[in-house]
Amino acid sequence: MTTPHYSDNIKHWGLDRSITFLNHGSFGAAPLAVLQKQNEYRAMMESEPVHFMTRQLEPMLWEAKESLAKFVGANASELIFATNASTGVNIVLNSLKFEAGDELLTTNHSYGACFNAMKWFADRSGAKMIVANVPFPIADKQQVIDAMMNCITPKTKLLMIDHITSATGIIFPAEEIVKLVQARGVDVLVDGAHAPGMLPIQLDEIGAAYYTGNCHKWICSPKGSAFLHVRKDKQSLIHPLQVSHHYDVPNSGNKLWSSHFFWPGTHDYSAFLCVKDAIEFMNTLYAGGWSELQKHNRDLCLQARKLLSEKTGYTLPAPENMIGNLSNLFLGETKMPPYGFNYLHPVHEKLFRQYNIEVPVFVWNKQQPRSWLRIAVQAYNHFS
């Protein structure tokens, strides 16, 4: 008997049905209906490029941004679109000024690209990068809080944390951390790459100075759609990576700061426009909308990791209350690969080549290298 790989929701995606795709977390996957909307925006652009770019684009982007702002609990004037969360991190780090003797704090769970960015800006300015060691396996959220608070000093200028870690797949208590750290006079940059669409986030309640997140992962918009949120009192510090026409835009009221980021140059902006469409489409998959979708994905993830743990005999590395749509399974001790980005672990390759299963295997971390298999659950997945 052939085991079905997918739920009925697979009809909304163009994924290869011969592959069991358990890696939505890496790059996302946009539904066919959203990709069709992207084609329509591109057709509008190419049918009359001048009309589209000069008359239609800016109000359409603002409408998409208002939809996103409502979804993530923020004001649209405090949001800008970016191509990915790593871009958002670089915008912030490039804008802020650091000096020799300053300390920039992050954790050993930090996403590799963002870790590298902080290291580069620290090295360039003569600042010192501090890495808080959060244990994994982990028992509870207090271990995350304690690891970071123990590293805060009078020299700490910025803390960068993941909201949901990539390689280890755990939810950090972002709101609690932000309140504790900012009470010590230290601003927080949250890398929320996986959070929008996986968690019901409210950025105004989290209260971080800076928060960046991807839309192409769990909101399921096309690749290259993300955002950066900058709290109003910090906006004067943050500038585009690419200064362009809108640097000298006349006073635009509450749109002034975000308007500086509007036009980096001629570009295909359709992925940004599709964020509104993706939010609306994903809301239709279940009768209960986004809340039911998020509950379904998390419940399935918890059910799946329990099964895998029982089959392998391995203890799960994190409690249920720190898990969303991602979960890890310990595979064994190993050695660090010479280079981590897009590293294809032998188990990853065997599962793909021999069994048509697409699921990532990470080596984490440098101090005690271990192999971890990470499942990611989206509406098209099925327990089978």
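Counting restarts for each chain, with residues numbered from 1 along the sequence as it is written. For a predicted model such as this one, the threshold for reporting local features is a pLDDT of at least 70, and the threshold for listing and counting side-chain atom pairs is 80 or more; totals across whole chains, interfaces and linings nevertheless cover every residue. The side-chain numbers reported here are obtained from all heavy atoms of the structure, hydrogens and water having been left aside.

Quick look at the environment of His245 now. Each helix is a run of H or I in the DSSP string that is no shorter than four residues. Each strand is a run of E no shorter than two, and both are numbered from the N terminus. One can find His245 in the loop between strand 8 (226-230) and helix 9 (256-259). Through-space distance from the C-alpha of His245 to that of Phe262 is 8.9 Å; in sequence the pair is 17 residues apart.

Disulfides are defined in this document as cysteine sulfur pairs within 2.5 Å. This structure, assessed with the given rule, holds zero disulfides. We note that Cys114 lacks a disulfide partner, and the nearest cysteine sulfur, in Cys215, lies 15 Å from it. The buried label applies to any residue whose accessible area, calculated with a 1.4 Å probe on protein chains only, is under 20% of its type's maximum; exposed applies above 50%, and partly exposed to all values in between. On the accessibility criterion, Cys114 (1% relative accessible area) is buried. Cysteine Cys215 is unpaired, with the sulfur of Cys220 as its nearest cysteine sulfur at 11 Å. Residue class for Cys215 comes out buried when judged on its relative accessible area of 0%.

With that settled, consider the sheet that holds strand 3 (residues 103-107). Backbone hydrogen bonds hold the strands of a sheet together, and the pairing may be parallel or antiparallel. If DSSP finds at least two bridges between two strands, the strands pair. Taking strand neighbours across the sheet as the criterion, the seven strands line up as 2-8-7-6-5-3-4 in an open arrangement whose pairing is mixed. Here the strands that pair on one side only, and so sit at the sheet edges, are strand 2 (79-82) and strand 4 (128-132). Shown here is a sheet whose adjacent strand axes are inclined to one another by a mean of 20°, direction ignored. Where strand 3 lies against strand 4, five bridges are found, and the strand directions are parallel. Within strand 4, the position partnered with Thr107 by the bridge is Ala132. Residue contacts follow a heavy-atom distance rule, with two residues in contact if any of their heavy atoms lie within 4.5 Å. Only the stretch in contact is used when a helix axis is fitted, and all axes are lines through C-alpha atoms; the angle between N-to-C directions ranges over 0 to 180 degrees. Against the sheet, helix 4 (residues 85-95) touches strand 2, strand 5 (156-162), strand 6 (187-191), strand 7 (210-214) and strand 8, its axis set at about 160° to strand 7.

Because the α-helix completes a turn every 3.6 residues, residues three or four places apart line up on one side. Taking 1.5 Å of rise per residue, the 13 residues of helix 10 (residues 270-282) would be expected to cover 18 Å, and the 18 Å separating its terminal C-alpha atoms lies within 8% of that figure. At Lys276, helix 10 shows its maximal kink, close to 35°. Along helix 10, 11 of the 13 residues are buried, which leaves the element largely enclosed by surrounding structure. Residues Ser270, Ala271, Phe272, Leu273, Cys274, Val275, Asp277, Ala278, Ile279, Phe281 and Met282 constitute the buried set of helix 10. Expected helix span is taken as 1.5 Å per residue step, with the number of steps being one fewer than the number of residues. Note that bend, as reported per residue, equals the angle between axes fitted to the 7 residues terminating at that residue and the 7 residues originating from it.

Nothing here speaks to function; it is all geometry.
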